[in-house]
Structure formats: structure tokens, C-alpha cells
Amino acid sequence: MKKTIVIYGSTTGNCQEYAETIAQKLGVSDVKNVADVDADILAEYDNLLLGTSTWGSGELQDDWFDGVDMLKSADLKGKTIALFGCGDASGYSDTFCGGMASLYDAVKESGAKLIGQVDASTYTYDDSESVVDGKFVGLAIDSSESEDEIDGRISAWVESIKPEL
């Protein structure tokens, strides 16, 4: 596997926990809050796994506001990027994991290879800006699901992206 980093933005700690779980399942030791990352750090890695929680009516997590600008200005050509996001499909069914759409928009034209899209039909929610052509742009983690369901989704996603990292 090429050099991989997991970068997250987390307010309550959920997204950080999921980022650490993803890193552990991949055997990756580099996990950082986006507030502690700059373009020079991004340049050191071949693979970027980017995660965010969703707030309010589908907004990006606060630490990512500057992070999105960094992503847009960084040279991401040739890198492999996978996205993950967490949200609450029962409490915020109409904006479920919407924050992930902001990360997707920041990197989709960057020249990076985007991997890790997930079939949206396996979730129960009303609407999400993070769905393109019937798939979430990355792993959607529903914090209202049980820990076993969440772990199962993370494990299946990690196994699906491993060959491309």
C-alpha cells in the first residue's frame, strides 16, 4: 500500500472515532484532524481518506472550512481519494451526511482518483446532497445505527477500497 493518511473534522468525537477505526482496519498510522494539516502534509501522501461530520441543515464540520480551501489549492493530481462522512439519518433524514458533498465538490475536479462510493439504497433517509447517481460519494456512517452495523459498514468499505490504495 502506498503512503496513506486519514484526515477528519470532528466536533463531538464521532468522526474522529470513525477515522481511527478506518485507519486501524487499514493498518494506517497517520490520522490527523484537518485543523492540523496543510498542503505540505498532503503532498507527502499518495492516498487521502477525508472524513467529516454533518451539522445543521447539511453543513460541513467547522474544522473543514479552511480545509476545503486547502484542498482546492493543493496539487492532488495522481492521488487517490476516498471520502467518508457521518450523520444521523433518523434525526436529520433530509440532509443525511450532506457535509460530505462539500469535500466531494472540493476534490472532484482535482485530477485525483476518487474511490469508495457506496450504494445509497442500503440506507434509510429522505435526502442527501452527497448522493450522485444513486451512490453516496463515499462511506456514509449513520450514527443512529448500532455499533455493530456501523462497524460492518466500515469493514466492508475498507475491504472495498484496499485494492485501490
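We now turn to the structure provided with this report. (Residues numbered from 1 in each chain as written. Predicted model: local features only at pLDDT ≥ 70, side-chain atom pairs only at ≥ 80, totals over all residues. Heavy atoms only, no water.)

### Concerning helix α3 (residues 64–73)
No. 1: Listed as buried for α3 are W64, G67, V68, M70 and L71. Along the axis of α3, the buried residues cluster in a sector spanning 160°; they form a single face. Along α3, exposed side chains directed more than 90 degrees from the buried face belong to D66, K72 and S73.
No. 2: Turning to α3, the residues buried within the fold contact β1 (4–9), α2 (39–43), β3 (47–55), β4 (59–60) and α4 (99–107). (Buried < 20%, exposed > 50% of the residue type's maximum accessible area, 1.4 Å probe, protein only. Helix = DSSP H or I, 4+ residues; strand = E, 2+ residues; numbered from the N terminus. Arc of directions from axis to C-beta. Contact = heavy atoms within 4.5 Å.)

### Section: the pairing of strand β10 (residues 139–142)
Consecutive residues of a regular strand have side chains that alternate between opposite faces of the sheet.
No. 1: A two-sided burial pattern is seen for β10, the buried positions comprising L139 and I141 on one face and A140 and D142 on the other.
No. 2: Note: strand β5 (residues 80–87) against β10, four bridges, orientation parallel. Residue pairing across strands places G85 opposite A140, the latter belonging to β10. (Pairing = 2+ DSSP bridges.)

### Structural notes on the pattern of salt bridges
No. 1: Inspection of the entire model under this criterion finds six salt bridges.
No. 2: Between K3 and E44 there is a salt bridge, with the nearest N and O atoms lying 3.9 Å from each other. Separated by 41 residues along the polypeptide, K3 in the segment before β1 and E44 in the loop between α2 and β3 bring together distant segments of the chain.
No. 3: Residue classification places E44 among the partly exposed residues on the basis of a relative accessible area of 47%. (Salt bridge = Lys/Arg side-chain N within 4 Å of Asp/Glu carboxyl O.)

### Regarding the packing of α3 against α4
No. 1: Their axes nearest at 8 Å, the elements α3 and α4 cross at an angle of 20°. Considered as vectors, α3 and α4 are oriented roughly parallel to each other. The crossing of α3 and α4 is right-handed. Between α3 and α4, the contacting residues are W64, V68, L71 and K72 on the first element and S102, L103, A106 and V107 on the second.
No. 2: Each residue belonging to the contact of α3 with α4 can be placed in one class, and the counts come to six nonpolar, one polar and one charged. (Axes fitted to C-alpha atoms, helices over the stretch in contact; angles between N-to-C directions. Parallel < 35°, antiparallel > 145°, perpendicular 65-115°, else oblique. Left-handed = near helix turned anticlockwise from the far one by under 90°. Nonpolar A, V, L, I, M, F, W, Y, C, P; charged D, E, K, R; others polar.)

### Some details on the sheet that holds strand β7 (residues 118–119)
No. 1: Read across the sheet, three strands follow the order β7-β9-β8 without closing on themselves; strand pairing throughout is antiparallel. In this open sheet, the two edge strands, each paired with only one partner strand, are β7 and β8 (131–132).
No. 2: As paired elements, β8 and strand β9 (residues 135–136) share two bridges and run antiparallel to each other. Note on β9: the bridge partner recorded for V131 is F136.

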